[in-house]
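# Understanding the architecture of this molecule
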Amino acid sequence: MKLQYEIPIAIGLWWIPVIGPAIFGAVDAFIERDFRKGIISTAVSSILASSFYICLAFYVIRAPILGNLLPVITVVMSAVGVIISLATVYLLLSRLSITSVSGNGIYTEFYSSSVEEAKSKVENLISSLGINPSDCPSPSLELSEDKIRTTMACNGLKIQYEVTQELRGKYKVKVWVNNSNEV
């Protein structure tokens, strides 16, 4: 977890009602890129930022016009902010696909709801590279308790993908496509 970056960002953005927590959730999704760590770090950072602003509202800021309403508004908006930041991280991480291209291959990672959906998305990726997955020889499988690793060589490319169960109903998929002559 990268809390040393996330907490100051959360405190800096939290004073903007509704929009600040949404921006923080988006930033945190790109910082963490891991479902479990992203949710936990967003919750911790959001709660700390909310606590900071609630303390400000109760002990530092005196607004005679608002009277006792300022602390109540701060508590409500902080609770709404925590929910918004967590929802933003959840939605982005469950739909986000990170891809990097290097001189010898492509690496991508994304989340899926099932192993079948992961396989379908990998086949779509292979098809987008101009390779018909049905023309490839049968892949080799490595199975463990919470991970499936599939490797296949097809049209001069080595295609390898790994499906790991992160949470109940969420699978992290990592795909590597390399030139098989360089591997």
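Residues numbered from 1 in each chain as written. Predicted model: local features only at pLDDT ≥ 70, side-chain atom pairs only at ≥ 80, totals over all residues. Heavy atoms only, no water.

### Thoughts on the environment of V163
With respect to the helices and strands, V163 occurs in strand 5 (residues 157-167). Counting along the chain gives 117 residues from V163 to S46, while the straight-line C-alpha distance between them is 30 Å. Setting aside anything within four residues of it in sequence, one finds V163 in contact with V115, A118, D146, K147, I148, Y171, K172 and V173. (Helix = DSSP H or I, 4+ residues; strand = E, 2+ residues; numbered from the N terminus. Contact = heavy atoms within 4.5 Å.)

### Details of the nonpolar core
The biggest cluster of nonpolar side chains holds 15 residues, and the ones touching the most others in it are V122, I159, V173 and V175. Elements represented by at least two residues in this core include exactly helix 5 (115-128), strand 4 (147-154), strand 5 and strand 6 (170-179). Of the residues forming this core, the biggest block, four residues, is contributed by strand 6. Apart from the residues lying within four places of it in its own chain, the contact partners of I159 are I126, I131, T150, T151, M152, C154, W176 and V177. (Core = buried A, V, L, I, M, F, W, Y, C linked by side-chain atoms within 4.5 Å. Buried < 20%, exposed > 50% of the residue type's maximum accessible area, 1.4 Å probe, protein only.)

### Some points on unusual backbone geometry
Although it is not a glycine, V18 sits at a positive phi angle of roughly 65°. Along the chain, the position of V18 falls in the loop between helix 1 (3-13) and helix 2 (19-32). Residue V18 is classed as partly exposed on the basis of its relative accessible area of 39%.

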